[in-house]
Amino acid sequence: MNTAAPALEISGLTKSFGTTRALEEVDLVVESGTVHCVLGENGAGKSTLCHVVGGSVAPDAGGLRLYGSPYAPRRPADALAAGIAMVHQHFSLVPTLTVGENMRLLRLRDLPRRVARVREEYGLELDLDARVSELPVGVRQRTEIVKALLREPRLLVLDEPTGVLGPAGTDALLATCRRIAESGHAVVLVTHKLGEVARAGDAATVLRGGRVSGGGPLAELPPERLVPLMIGRPAGSLDAGLAGTIGLAADGDSPEAGASGSGKTRAGGPEPAGRALAVGTAEPGGRAEPGGKAAARVTQALRLRDVSVRRADGTSALDEVSLDVGYGEIVGIAGVEGNGQSELMALLGGSLAPVAGRVELDGRDLTRAAPRERSRAGLGVVPEDRLHEGCVPQLRVADNLFLGRLDRFRRHGVLLDRRAMDRAADSVLTGHGIRADGPGALMSSLSGGNQQKVVLARELALDPLICLAAAQPTRGLDIGAVGAVHSRIRDAAAAGTGVLVVSSELSELLVLCDRITVAYRGKLLGPVDPAEPDARERIGALMLGARASRPGPENTGHTPEALR
Ligand SMILES: Nc1ncnc2c1ncn2[C@@H]1O[C@H](COP(=O)(O)OP(=O)(O)OP(=O)(O)O)[C@@H](O)[C@H]1O
């Protein structure tokens, strides 16, 4: 291996899919011993670049060199043989197998030694006997990362690996990236989070519309210079409250950081500003006062009463949980992943039935309702795993946008008016800034962030929309799109919709929500009023299982126990 040569050199890389230019004349150099970040808005071409390096997409033009030697993979096996390991946005594990069985599929020599090494060197633990389908997405992602590390790669390519990791998982991964770089190898890290870039990266390349819009050593590229390269407008144009969500104050996102008082977000003041904006701008629009008048009504937009849910192995995932979401109220659920949030979303989506308790929407019992019945009644659900649960990848974008609501495009109740449907879809695509090759494009051809926008647009368009329950609503979105999604959520609440947001981004919950509860071992603790100066610290303590020491915000009308 020529260690003096760059780990990876890409020159003139060009790739089109039909009429879409995904990459155009892209040049990029990843030096050995560095973490090289690849940035850019949704649909900029980042994943396509990773796929070319990983041998799963053939370029139309351009060349690659790996540690000084020509490198032209024709299939993923070529990349593996060359010492490149990939972690893609979508999981490659076999869900019906255990973690250990998935690892054995790699057919690596000395597997136990490699597993021990990854555990020791990177501190990444795995439960080899756990069935993948039963793991929370964050743990699945960690498993994918370990799987890549077991190959002992000389170049590791990570395509948005931190979206599904909590703060601790993200810290571990960024430390892993640094360690790989320090050992002389290299990492390509695709991310939307500028905080991660600052913490782990040495250099960056920014893509925009498939072309390189800028790049260089990060010492010369502070966030104020990166943001315009990414989204074409200055950093100052972003909602100040977004700083934490996009990772500019990533340190402050961990409860530990909050507890130690080092939360940069608070110190810098952007969060209160963002929150003030959220509440202040909504009022004239007729928003029900958070929890005030709304909470006084008899019915709630969404009401869970004493709901218990068991996992497949019989253990308790939700334990007699009660929760109210008022009309016009935005309620957040924070917590370390695996504390019942996935099961709560599955319960709301109708894919998981409770063993006890009741789910009501606008006073109507939906406990055992089928998913379609729920959306007709006005319960919008954006699931955690949108590709597998939130859409049908092999259908057109237009079909996905109007799934379950095709009747409105039927003539005489029978024939589907595809033109009308495509016209309606076109206006949704434009309105939501979704980058797709028209309404007829297959959902699977959209970039990850654009798929996410489609699912969100569909659920927000439900009529009526009594309650929107969204898991990680801005996961995978670029920094410009995050602000747009927050505005849409606030607008929905201003129009009277109750909103439930499950997010691993504490900063996101703090800027968006009227109150925040914390999932802990199948219970909901709190609530906490995000406007309180010590909200971050209190949520951090609840994440670790502390009981709420004070009643929640004025709005609830409940004792904290009502939100067990
Ligand atoms: N297999 C495909 N068929 C058709 N179009 C595709 C295909 N793969 C990617 N594209 C298109 O290429 C463009 C770049 O997509 P890519 O997934 O590389 O973007 P990205 O920068 O990774 O976005 P995101 O941040 O949303 O993941 C998009 O317009 C996408 O729709």
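Residues numbered from 1 in each chain as written. Predicted model: local features only at pLDDT ≥ 70, side-chain atom pairs only at ≥ 80, totals over all residues. Heavy atoms only, no water.

A. How the structure looks around the packing of aromatic side chains. Inspection of every chain in the model, using the stated rule, returns 1 aromatic pair. Ring geometry for Phe402 against Phe409: centres 4.8 Å apart, planes inclined by 70 degrees, an arrangement best described as edge-to-face. Neither residue differs from the other here; Phe402 and Phe409 are each classed as buried. Sitting over the face of the ring of Phe17, Lys15 holds its NZ or CZ atom 5.3 Å from the ring centroid. (Phe/Tyr/Trp six-rings, centres within 6.5 Å; stacked < 30°, edge-to-face > 60°. Buried < 20%, exposed > 50% of the residue type's maximum accessible area, 1.4 Å probe, protein only. Lys NZ or Arg CZ within 6 Å of the ring centre and 35° of its normal.)

B. Here's a closer look at the site of the ligand. With respect to spatial proximity, 20 residues lie near the ligand, and among them Gly43, Lys46, Thr48, Ser447 and Gly449 are the closest. Here an oxygen atom of the ligand sits 2.8 Å away from a polar atom, N or O, in the main chain of Gly43. In the model, an oxygen atom of the ligand is placed 2.9 Å from a nitrogen or oxygen of the Gly45 main chain. Burial of the ligand by the surrounding chains reaches 84%, relative to a free accessible area of 630 Å². If you map the ligand onto the pockets, it falls in the second largest pocket. Classifying every residue of the shell around the ligand by side-chain character gives 4 nonpolar, 12 polar and 4 charged. Counting the residues that make up the shell around the ligand, at least three belong to each of domain 1 (8-237) and domain 3 (387-461). (Near = heavy atom within 4 Å. Polar contact = N/O pair within 3.5 Å; in protein donor to acceptor, adjacent residues only side chain to side chain. Areas by Shrake-Rupley, 256 points an atom, 1.4 Å probe, with all protein chains shown as cover. 1 Å grid on protein atoms, 1.4 Å probe; cavity = no way out; pocket = protein on both sides within 12 Å on 5 of 7 lines; lining within 4 Å. Sits in = over half its atoms within 2 Å of the grid points. Nonpolar A, V, L, I, M, F, W, Y, C, P; charged D, E, K, R; others polar. Domains from an automatic or database assignment.)

C. Expanded view of the sheet that holds strand β6 (residues 84-87). Judged by pairing direction, the sheet is mixed, and its 6 strands sit side by side in the order β6-β7-β8-β3-β9-β10 without closing on themselves. Either end of the sheet is taken by a strand with one partner, and the two such strands are β6 and β10 (211-217). If you compare each strand with its neighbour and ignore which way they point, the axes differ by 15 degrees on average. Together, β3 (35-40), β6, β7 (155-159), β8 (186-190) and β9 (203-208) form the strand contacts of helix α1 (residues 46-53), whose direction differs from that of β7 by roughly 150 degrees. Sheet contacts for helix α6 (residues 167-182): β3, β7 and β8; angle to β8, the most-contacted strand, approximately 145 degrees. (Pairing = 2+ DSSP bridges. Helix = DSSP H or I, 4+ residues; strand = E, 2+ residues; numbered from the N terminus. Axes fitted to C-alpha atoms, helices over the stretch in contact; angles between N-to-C directions. Contact = heavy atoms within 4.5 Å.)

D. Just empty space enclosed by the protein, in detail. Under the defined criterion, the tally for this structure stands at 6 cavities of 30 Å³ or more. There is about 370 Å³ of room inside the largest cavity. If you trace the largest cavity, you find 20 residues lining it, with Gln89, His90, Val164, Arg386 and Arg475 closest to the centre. Looking at the lining of the largest cavity, the elements with two or more residues in it are α5 (137-150), α15 (386-390) and α18 (448-460). No other element matches the 4 residues that α18 contributes to the lining of the largest cavity. Residues that form the lining of the largest cavity fall into these classes: 5 nonpolar, 10 polar and 5 charged. The two domains that each donate at least three residues to the lining of the largest cavity are domain 1 (8-237) and domain 3 (387-461). Approximately 210 Å³ is the volume attributed to the second largest cavity. Taken together, 20 residues line the second largest cavity, and the ones lying closest to its centre are Lys193, Thr474, Arg475, Gly476 and Glu505. When grouped by side-chain class, the residues that make up the lining of the second largest cavity number 4 nonpolar, 10 polar and 6 charged. Each of domain 1 (8-237) and domain 2 (239-299 + 324-352 + 370-378 + 464-564) gives at least three residues to the lining of the second largest cavity. (Points joined across faces, edges and corners; volume = space filled by probe spheres on them.)

E. Main features of the side chain of Thr48. Assignment of secondary structure puts Thr48 in helix α1. Accessibility expressed as a relative area gives 12% for Thr48, which makes it buried. With residues up to four places along the chain from it excluded, the contact list for Thr48 reads Lys15, Phe17, Ala22 and Leu23.

F. Seen up close, the pairing of β9. By the criterion of burial, β9 is predominantly enclosed, with 5 of the 6 residues buried. In the sheet, β3 pairs with β9 via 5 bridges, with the strands oriented parallel. From the neighbouring strand, Cys37 faces β9, where its bridge partner is Ala204.

G. Highlighting the layout of surface pockets. In this structure, the largest pocket spans a volume of roughly 1,300 Å³. Forming the boundary of the largest pocket are 41 residues, of which Ala346, Gly349, Ser351, Pro383 and Glu389 lie nearest the centre. The dominant element in the lining of the largest pocket, judged by the number of residues it contributes, is helix α13 (residues 341-349), at 6 residues. Within the lining of the largest pocket, the residues separate by chemical class into 16 nonpolar, 9 polar and 16 charged. In this structure, the second largest pocket spans a volume of roughly 780 Å³. Forming the walls of the second largest pocket are 32 residues, and the residues nearest its centre are Thr48, Ser444, Ser445, Leu446 and Ser447. Of all the secondary structure elements, the ones that give two or more residues to the lining of the second largest pocket are β2 (20-30), α1 and α18. For the lining of the second largest pocket, the class distribution of residues is 8 nonpolar, 19 polar and 5 charged. Taken domain by domain, the makeup of the lining of the second largest pocket includes at least three residues from each of domain 1 (8-237) and domain 3 (387-461).

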